[in-house]
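Survey of secondary and tertiary structure
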Amino acid sequence: MSACAQKCRTVSSAPFLRREKEYGLNLLETVGIPVPALFVILVGAAARNWETKRAMRNFLANAKFLASAGAAIAFFASTSAHADQPVNWETGFQAPATDMMRQIEWFGNYTFVYIVIITLLVLFLLAYCIVRFRASANPVPSKTSHNTLIEVIWTVGPVVVLLLIAIPSFQLLTAQYTPPEEAKLTVKATGNQWNWDYEYQTDNTLTFNSAILQDGDRAKAGKEDRKVYPRLLAVDNELVVPVNTMTRVLVTATDVIHSFAMPSFGIKIDAVPGRTNETWFKAEKEGLYYGQCSQLCGKDHAFMPIAIRVVSDAQFKTWLAAAKTDLPGANKTLMAEVDGQNKVAAAGN
Ligand SMILES: [Cu+2]
């Protein structure tokens, strides 16, 4: 075992690198990412300090609790129990439906802790200087121009803060590009001005178009409930995927650059003509999830939503088999089953 590998072990035991095992990640062993020696020493020392680690974890747990309480309120305030979509006055993220999104949320909250501390510190310093050194209270100002200790502190402090943010940030980025397992389903999403084509890369390829649901088509599609099928987010044909299944998404475009984004899955990747990008997700909860094209792509950019319906494995298999010959029929059957389940669940409450 090389010396580097030993150090890597130490580094990966830091609390914010807790996903390392799951994703087989090891930043320092990743070829091509330069890590200065200082980086290794500082973080290694921090990781060895068990007390610091525990205090940090408690502090983060509190911050996380507040954030998840907020997210939960926003989630339950939305009247639909099985659709994940933006709600009015929402300031946080949509409720996560994948482990990746949970990590992104964690990183957001973690960074927020630094933002709050730094903002309060600067506010305090400003207020202190204004009051303590105002002309009437301090008529003869000090002529001090250098103080080595303070200069070292205000240089090293920010460096440490930046490192503490950079390390989990790189880890998260690496995790996003490192699928933990082989994909069981591959779907190609092609952005067009202004709708999406989906192609299931299964034995017999299934291809269909998914466009925004026009108000006039609601009744015919059986999508009159605007809480489940909101205006500007609902589509005619949803992308249907099985729950708890590693799904690979190949993303491209035919005309201009679009972007395939699903907030509650924590994915967002550009759809570039002539190029195939790849992302992945593993949805943990059945439901109907909404996203939007996230790259300005022309006059109807705001009107090319993405809807992903996550269903059970059995429902998916039935749907896929039927959809190859009769897509509208397969969608209707699936909708009847899913909406029926939700009605039963609602009645049970
Ligand atoms: Cu677009």
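Here is what the cut-offs are and how they apply
- Residues numbered from 1 in each chain as written.
- Predicted model: local features only at pLDDT ≥ 70, side-chain atom pairs only at ≥ 80, totals over all residues.
- Helix = DSSP H or I, 4+ residues; strand = E, 2+ residues; numbered from the N terminus.
- Buried ≥ 20, exposed ≤ 12 C-beta atoms within 10 Å, placed from the backbone.
- Contact = placed C-beta atoms within 7 Å.
- Pairing = 2+ DSSP bridges.
- Axes fitted to C-alpha atoms, helices over the stretch in contact; angles between N-to-C directions.
- Core = buried A, V, L, I, M, F, W, Y, C linked by C-beta atoms within 7 Å.
- pLDDT = per-residue confidence, 0-100.
- Arc of directions from axis to C-beta.
- Parallel < 35°, antiparallel > 145°, perpendicular 65-115°, else oblique.
- Nonpolar A, V, L, I, M, F, W, Y, C, P; charged D, E, K, R; others polar.
- Expected span 1.5 Å × (residues − 1).

Another aspect to go through is the overall build of the protein. Counting its regular elements, the protein contains nine helices and 11 strands. A total of 349 residues make up the protein; the buried ones form 27% of that total. Considering only residue pairs separated by 6 or more positions, the protein has 68% of its internal contacts joining residues 24 or more positions apart.

Take the sheet that holds strand β3 (residues 195-200) next. Reading across the sheet, the five strands line up as β4-β3-β2-β6-β9 and stay open at both edges, with mixed pairing between neighbours. What marks the edges here is a single partner per strand, and that holds for β4 (206-210) and β9 (277-281). Neighbour to neighbour, the strand axes of the sheet diverge by 25° on average, direction disregarded. Across seven bridges, the pairing between strand β2 (residues 185-192) and strand β6 (residues 247-253) is parallel. Across the sheet, residue Val-187 finds its bridge partner in β6, namely Val-249.

The next subject is unusual backbone geometry. Note: most peptide bonds trans; most residues except glycine with negative phi. With an omega of 5°, the peptide bond between Gln-193 and Trp-194 qualifies as cis. Position of Trp-194 relative to the elements: it lies in the loop between β2 and β3. In this model, Asn-244 sits at a positive phi of 55°, which is unusual for a non-glycine residue. Checked against the element boundaries, Asn-244 lands in the loop between β5 (239-242) and β6. For Asn-244, a count of 13 C-beta atoms within 10 Å puts it in the partly exposed group.

This paragraph deals with the nonpolar core. In this structure, Ala-189, Phe-265, Tyr-289, Ala-307 and Ile-308 are the most contacted members of the largest nonpolar core, which totals 51 residues. Among the elements that take part in this core, strand β11 (residues 305-311) stands out by supplying five residues, more than any other. Not counting residues up to four positions away in its chain, the partners in contact with Ile-308 are Glu-238, Leu-239, Val-241, Met-262 and Tyr-289.

Turning to the confidence of the model for the protein, a few remarks are in order. Looking at the protein as a whole, its pLDDT mean stands at 82, while 74% of the residues score no less than 70. Confidence drops under pLDDT 50 across residues 73-81; counting only partners more than four residues distant or on other chains, this segment forms 12 contacts.

All right, on to helix α8 (residues 313-323) then. Of all the positions in α8, only Gln-315, Phe-316, Trp-319 and Ala-323 are classed as buried. Down the axis of α8, the buried side of the element spans an arc of 100°, and every buried residue falls inside it. Summarising the geometry of α8, the exposed residues directed more than 90 degrees from the buried face are Asp-313, Ala-314 and Lys-317.

What follows concerns the pairing of β11. Counting buried residues in β11 gives seven out of seven residues, a clear majority hidden from the surface. Residues Pro-305, Ala-307, Arg-309 and Val-311 of β11 are buried on one face, and the alternating residues Ile-306, Ile-308 and Val-310, pointing to the opposite face, are buried as well. Note: β5 against β11, four bridges, orientation parallel. By the bridge assignment for β11, Val-240 is matched with Arg-309.

Glancing now at the pairing of strand β8 (residues 267-271). As a general feature of sheets, a regular strand has side chains that alternate between the two faces. By the bridge criterion, five bridges tie strand β7 (residues 258-262) to β8 in an arrangement that is antiparallel. Bridging across to β8, Ala-261 finds its partner in Lys-268. Taking the residues that link successive antiparallel strands as the turn, the β7-β8 hairpin has four residues, and the phi of Gly-266 there is positive, at about 70°.

Within the element layout of this structure, Ala-307 appears in strand β11. Ala-307 sits 68 residues away from Leu-239 along the chain, and the two C-alpha atoms are 6.2 Å apart. Look past the residues within four positions of Ala-307 in its chain and what remains in contact with it is Leu-233, Ala-234, Val-235, Glu-238, Leu-239, Leu-288 and Tyr-290.

Turning to the packing of helix α5 (residues 99-132) against helix α6 (residues 148-176), a few remarks are in order. Relative to each other, α5 and α6 sit at 170°, their axes nearing to 11 Å. Judged by the inter-axis angle, α5 sits roughly antiparallel to α6. Contacts between α5 and α6 involve Met-100, Gln-103, Ile-104, Phe-107, Tyr-110, Thr-111 and Tyr-114 from the former and Val-161, Ile-165, Pro-168, Ser-169, Leu-172, Ala-175 and Gln-176 from the latter. A breakdown of the residues in the contact of α5 with α6 according to their chemical character gives 10 nonpolar, four polar and no charged.

Bringing the environment of Gln-315 into the picture now. Looking at where Gln-315 falls in the secondary structure, it is placed in helix α8. In contact with Gln-315, not counting residues within four places along its chain, are Leu-334 and Glu-337.

Locating Val-240 in the fold gives a position in strand β5. The buried category is assigned to Val-240, around which 23 C-beta atoms lie within 10 Å. Remark: the alpha-carbon pair of Val-240 and Tyr-198, spanning 42 residues in sequence, is separated by 10.0 Å. Each residue touching Val-240, except ones within four places of it in the same chain, is listed here: Arg-309, Val-311, Phe-316, Trp-319 and Leu-334.

Across its 34 residues, α5 extends 49 Å between first and last C-alpha, which sits within 8% of the 50 Å expected from 1.5 Å per residue. Listing the buried residues of α5 in full gives Met-100, Met-101, Gln-103, Ile-104, Glu-105, Trp-106 and Tyr-110.

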